[in-house]
Amino acid sequence: MHEQSANPEPETAPGTLTRPATTTAPPPPPRTVSFAPDAAPNAAPRHRSTPSRRGGPILLAAGLLLAALNLRIAIASVGPVLDDIEHGQPLSSTAAGVFTTIPVLCFGGFAFVTPALVRRWGMHRLLGVTMLLLAAGVLVRLQPSTAALFSGTVVAGASIAVANVLMPGLIKHDFAHRSGLMMGLYTTFLFIGAAAASGLTVPLENALGTGWRHTLALWALPAIAAFLLWLPQTGSRRAAQAADHQLAPDGSAPKGPAAPGARAAGRGPGLRALAHDRTAWAVTVFMGTQSLGYYALLSWIPSLLQDSGMSAGQAGWMLSFSTFPGVVASLLTPALARRPAGRFPAVIVTVVLCGAAYAGLATTPVSLAYLWMVLLGLGQGAAISLALSLIVWCAPDAAHASALSTLAQGTGYLVAALGPFGLGAIHSLTGGWTAPMVVLGAVLAVQLVAGLLASREHTVLAA
């Protein structure tokens, strides 16, 4: 049985003259580009860890870091002029306490709406929106009313909450191979922004002579600058959704390879799935305990030092001074703990530094105040940078990083909001500061266990 030619020659009638057949090479098959030679037909092409955004990686990194600079300014600028706000608004002590707690509650509560916003806007475009809303919230506080003061703070806190969640996912998405460096710079700029706001607000108020409202409004300028620098990364809504990974309202990404952003980040987990993952909870508990200690002492260290005989001005300076070692620790820790083998020692050293500072503040707070502030700054700076970096390191891709960031920061900051109230209540019950420091030491024990569990070489929802 013979095979029929794929291209049989045409039949001709007898006597018909025909041209001799010429042998020609068959045309080459169409050239195709394959992202992976063994990829399935419907497989999505491989994603490059650093996408090509407008302006290149330098402009992208600069925009991220300027946005990070703004994530504590609107909050840290209030403390130095809180007495002026209480007398000028006026506010009762209870109302002032609620006012200072609003931002941390916003950090936790509004974190959980971020996945739905990402699905609608895309990560890069949404970050630009948060900078605009942050500036608007700061400017609303110019209006001479208590409602404007509180509503502007809620808007600013909500904007920061969303940006807080976005940052780890953006770094994982755009700087996957430089995540340690970028997380170090990110947390460093958080500290720099807080230090600048707390240290410059009163001098600006004295120099301008226009009162606390206009002084606080000036801090809208860095947010506007961040929006303008980030503007090239936003693009159109369709382009943003095509470039970013998208999360559903429950924290999951749209199904299927054709879903917007499925190529870029893969399918993300739902928050319900993360709620059953031990690594996710270890990261969340570490985030919550270190935040609780940070915000509790941020509120009460000046009072602790003043109760021990230090002047109010010196006590405020001590709190600001602790940010300088914090900047150094936040910059170096992610680089030193980039590999899993370096994370266990980093967690232990962080807890030891904070524990030594707590013990010193409970026993000899004034005579060795600079030593305790150095230890506290190093410990807290390392802790916050580790907490944020673990979100990136424990996630296999940007979609998982965003979902884990939502769980860790949303839950963590809600826990942290208990810190100032809890420490103040214990102080009121005992009449001293030894018991509050002991309680913070117990929180450190939980932080140590959670940090060691989160430092294992596991990613969330690993098989």
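Residues numbered from 1 in each chain as written. Predicted model: local features only at pLDDT ≥ 70, side-chain atom pairs only at ≥ 80, totals over all residues. Heavy atoms only, no water.

**A short note on the overall build of the protein**
- The number of helices and strands found in the protein is 21 helices and 0 strands.
- Relative to its 463 residues, the protein shows a buried fraction of 50%.
- As presented, the protein carries roughly 21,600 Å² of accessible surface, and 65% of it is formed by carbon and sulfur atoms. (Helix = DSSP H or I, 4+ residues; strand = E, 2+ residues; numbered from the N terminus. Buried < 20%, exposed > 50% of the residue type's maximum accessible area, 1.4 Å probe, protein only. Areas by Shrake-Rupley, 256 points an atom, 1.4 Å probe, with all protein chains shown as cover.)

**A short note on the nonpolar core**
- The biggest cluster of nonpolar side chains holds 69 residues, and the ones touching the most others in it are Leu127 and Tyr186.
- A per-element tally of this core places helix H7 (residues 146-174) first, with 9 residues.
- Residue contacts for Tyr186: discarding those within four places in its chain leaves Leu65, Ala68, Leu71, Asn164, Met167, Ile171 and Leu388.
- Counting 28 residues, the second-largest nonpolar core is a separate cluster that includes Leu304, Met310, Leu319 and Val443. (Core = buried A, V, L, I, M, F, W, Y, C linked by side-chain atoms within 4.5 Å. Contact = heavy atoms within 4.5 Å.)

**Considering the packing of helix H1 (residues 56-69) against H7**
- For the pair H1 and H7, the least separation of the axes is 12 Å and the interaxial angle reads 170°. As judged from the angle between their axes, H1 and H7 are roughly antiparallel. Crossing of H1 over H7 shows left-handed handedness. Contacts between H1 and H7 involve Leu60, Leu64, Ala67 and Ala68 on the former and, on the latter, Met167, Leu170 and Asp174.
- Class assignment of the residues belonging to the contact of H1 with H7 gives a composition of 6 nonpolar, no polar and 1 charged. (Axes fitted to C-alpha atoms, helices over the stretch in contact; angles between N-to-C directions. Parallel < 35°, antiparallel > 145°, perpendicular 65-115°, else oblique. Left-handed = near helix turned anticlockwise from the far one by under 90°. Nonpolar A, V, L, I, M, F, W, Y, C, P; charged D, E, K, R; others polar.)

**Topic: helix H4 (residues 93-109)**
- In this model, H4 (17 residues) spans 24 Å end to end at C-alpha, consistent with the 24 Å of a helix rising 1.5 Å per residue.
- Packed against the buried residues of H4 are helix H2 (73-76), helix H3 (82-88), H7, helix H14 (278-307), helix H19 (398-416) and helix H20 (418-430). (Expected span 1.5 Å × (residues − 1).)

**Quick word on a nonpolar patch on the surface**
- Together, Leu208, Leu218, Leu221, Ile224, Leu228 and Leu231 make up a nonpolar patch on the protein surface, roughly 510 Å² of accessible area in all.
- If you tally residues by element for the nonpolar patch, the top one is helix H10 (residues 220-230), at 3 residues.
- Here Leu221 shows up in helix H10. (Patch = residues over 30% accessible without salt bridge, like charges linked within 9 Å, V, L, I, M, F, W, Y side chains within 5 Å. Salt bridge = Lys/Arg side-chain N within 4 Å of Asp/Glu carboxyl O.)

**What about the packing of aromatic side chains?**
- Applying the stated criterion across every chain, the model contains 9 aromatic pairs.
- With centroids separated by 5.2 Å and ring planes inclined at 70°, the aromatic side chains of Phe107 and Tyr413 adopt a geometry described as edge-to-face. Here the residue Phe107 occupies a position in helix H4, and Tyr413 occupies one in helix H19, the gap between them amounting to 306 residues.
- Of the aromatic side chains, those joined through ring pairs into one cluster are Phe107, Tyr294, Tyr295 and Tyr413. (Phe/Tyr/Trp six-rings, centres within 6.5 Å; stacked < 30°, edge-to-face > 60°.)

**Describing the packing of helix H5 (residues 114-121) against H7**
- In the contact formed by H5 and H7, the axes pass within 10 Å of each other and the chain directions differ by 75°. As far as their axial angle goes, H7 and H5 are roughly perpendicular. Contacts from Thr114, Leu117 and Val118 in H5 reach Val162, Val165 and Leu166 in H7.
- Its residues assigned to classes, the contact of H5 with H7 shows 5 nonpolar, 1 polar and no charged.

**Regarding the side chain of Gln89**
- Mapped onto the secondary structure, Gln89 falls in the loop between H3 and H4.
- Classification of Gln89 by relative accessible area gives buried; the value is 12%.
- Polar contacts involving the side chain of Gln89 include one to the side chain of Arg213, which spans 2.7 Å.
- In this structure, Gln89 is in contact with Asp84, Pro144, Ser145, Thr146, Leu149, Trp212 and Arg213, ignoring residues within four places of it in sequence. (Polar contact = N/O pair within 3.5 Å; in protein donor to acceptor, adjacent residues only side chain to side chain.)

**A closer look at the environment of Ala156**
- Considering the arrangement of structural elements, one finds Ala156 in helix H7.
- Taking the C-alpha atoms as reference points, Ala156 and Ile75, 81 residues apart in sequence, are found 8.5 Å from one another.

**A word on H14**
- The first and last C-alpha atoms of H14 sit 42 Å apart over 30 residues, in line with the 44 Å expected at 1.5 Å per residue.
- The sharpest bend along H14 measures roughly 50° and falls at Trp300, with the proline Pro302 sitting one to four residues further on.
- Directly after H14, the chain includes Gly309, whose backbone phi takes a positive value near 110°. (Bend = angle between axes of the 7 residues up to and from the residue.)

**A word on the confidence of the model for the protein**
- On average, residues of the protein score 81 in pLDDT, and 81% of them are at 70 or above.
- Predicted confidence is poor over residues 1-52, with pLDDT under 50, and the contacts of this stretch with residues over four places away or in other chains come to 22 contacts. (pLDDT = per-residue confidence, 0-100.)

**What about the environment of Ile301?**
- Turning to its location among the elements, Ile301 is positioned in helix H14.
- Judged by its relative accessible area of 1%, Ile301 is buried.
- The sequence separation of Ile301 and Met373 amounts to 72 residues, and the corresponding C-alpha distance is 9.9 Å.

**So, the side chain of Thr289**
- Along the chain, Thr289 falls in helix H14.
- Assessed through its relative accessible area of 10%, Thr289 is described here as buried.
- Beyond its immediate stretch of four places on either side in the chain, Thr289 contacts Val443, Val446 and Gln447.

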